[in-house]
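Fold and geometry: a report
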Amino acid sequence: MRILILGASGFVGSALHAHFGADHDVVGTSRGGHGLAPVDLADTGAVRALLGQGFDVVIHTAGVVDLGAAQRDPTAAYAANVAPMVPLLDAIDEAAAKLVYLSTDNVFDGTAEHYDESATRAPINVYGETKVAAEDLALERERHLVVRLPLVYGRSPLSNKFLARFAASEIEARTDIVCNPLYLPSLAPALEQLTDKSGVVHIAGAETLSRYELMTRVRDHLGAPARVVATDRFSAVQDCPRPLRLVMRSYRHDVVGPDVASALADLR
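From a predicted model like this one, the values you see are computed outputs, not experimental measurements.

1. As for the environment of Val26
In this structure, Val26 sits in strand S2 (residues 25-30). In this structure, the C-alpha to C-alpha distance between Val26 and Val47, residues 21 residues apart in sequence, is 16 Å. Excluding residues within four positions of it along the chain, Val26 makes contact with Ile3, Ile5, His17, Phe20 and Gly21.

2. Overview of helix H8 (residues 187-194)
Inspection of H8 places Leu187, Ala188, Ala190, Leu191 and Leu194 among the buried residues, and these make up the whole buried set. Seen end-on, H8 carries its buried residues on one side only, within an arc spanning 160°. Where the residues of H8 are buried, they touch helix H1 (11-21), strand S5 (98-104), strand S6 (145-149), strand S10 (182-183) and strand S11 (199-202).

3. Digging into the side chain of Thr231
Among the structural elements, Thr231 can be located in strand S13 (residues 227-231). Thr231 sits in the buried class, given a relative accessible area of 7%.

4. With respect to the sheet that holds strand S4 (residues 57-60)
The seven strands lie next to each other as S3-S2-S1-S4-S5-S6-S11, forming an open sheet whose pairing is parallel. Only two strands of the sheet have a single neighbouring strand rather than two, namely strand S3 (37-38) and S11. One ladder, built from four bridges, connects S6 with S11; its direction is parallel. Bridged to Val147 within S11 is Val201.

5. Observations regarding the packing of aromatic side chains
For the coordinates displayed, the defined rule picks out four aromatic pairs. Between the aromatic rings of Phe108 and Tyr115, the centroid separation amounts to 4.3 Å while the plane-to-plane angle is 15°, which identifies the pairing as stacked. Under the relative-accessibility criterion, Phe108 is labelled buried at 0%. Residue Tyr115 is classed as buried on the basis of its relative accessible area of 4%. An angle of 65° between the planes, with centres 5.7 Å apart, marks the rings of Phe162 and Phe166 as edge-to-face. We classify Phe166 as buried; its relative accessible area is 3%. One aromatic cluster is present, formed by Tyr153, Phe162, Phe166 and Tyr183 through successive ring pairs. Its guanidinium or amino end placed over the ring of Phe55, Arg2 lies 4.4 Å from that ring's centre, counting from NZ or CZ.

6. Quick notes on the nonpolar core
By size, the foremost hydrophobic cluster in this structure holds 46 residues, and its most contacted members are Leu16 and Leu102. Other than its neighbours up to four places away in sequence, Leu16 contacts Ile5, Gly21, Ile59, Thr61, Leu102, Leu187, Ala188 and Leu191. If you look at the next biggest cluster of nonpolar residues, it comprises 24 residues, including Leu6, Val27, Leu89 and Tyr101.

7. Describing unusual backbone geometry
The backbone of Ala96 shows a phi angle near 55°, a positive value even though the residue is not glycine. Turning to its location among the elements, Ala96 is positioned in the loop between helix H5 (85-94) and S5. For Ala96, a relative accessible area of 63% gives the class exposed. Unusually for a residue other than glycine, Glu142 sits at a positive phi of about 55°. Positionally, Glu142 belongs in the loop between helix H6 (126-139) and S6.

What counts and how
Residues numbered from 1 in each chain as written. Predicted model: local features only at pLDDT ≥ 70, side-chain atom pairs only at ≥ 80, totals over all residues. Heavy atoms only, no water. Helix = DSSP H or I, 4+ residues; strand = E, 2+ residues; numbered from the N terminus. Contact = heavy atoms within 4.5 Å. Buried < 20%, exposed > 50% of the residue type's maximum accessible area, 1.4 Å probe, protein only. Arc of directions from axis to C-beta. Pairing = 2+ DSSP bridges. Phe/Tyr/Trp six-rings, centres within 6.5 Å; stacked < 30°, edge-to-face > 60°. Lys NZ or Arg CZ within 6 Å of the ring centre and 35° of its normal. Core = buried A, V, L, I, M, F, W, Y, C linked by side-chain atoms within 4.5 Å.

Listed below in structure tokens is the structure:
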């Protein structure tokens, strides 16, 4: 396939670019650097010209992904995450390509035991609101695919921000935020199995645990010097409202990421 990856210099995007580049004709975009196409999604003309080169699949990983940043500046978050969607979708449709839009578990409020693809969305932070708006635009066009992801962890080729934090002396981690985190290298193989679908799918890891448990286990595996400090909603700095329980399930497929022990055995 010929694949376009939007945001290919980011944490998730660069991992997908490296994986799919081994077997497919892949073009990645970035705002500059890393040998990627320097395309800003706000530049409608540049996006249309790029899509005119012909692609089978467009994987959208770009935008504001920092929850605190989105909460501090909702205008910028909407400008990055929502405003480019309609012209992008128009260009994708003209090119007869398929969009795979990566969304988030933060479209949910965190009050249910678990969420499958039929669950009602009720975001409680700005980031979740922007992703709901972008999802709606993508889902209006029938054949496209929205993929909701939980916290993603592991090593990334160009944006190794997850593991970089273990070089600090302390890492604060919430004991009251629970999800089923997804090991980054398992995402691309999962997408390969699900790209033919349309509508909404959830992809998540096999194990449910708190942020504190995850960070402690990764720290111990790495032998890192960082001290993991347990926090909760009463003691943590509140940069934005955060759902407490985001356990995702799927009724549409049986693709699941590895448990944490298996992921750490793979992590080097």
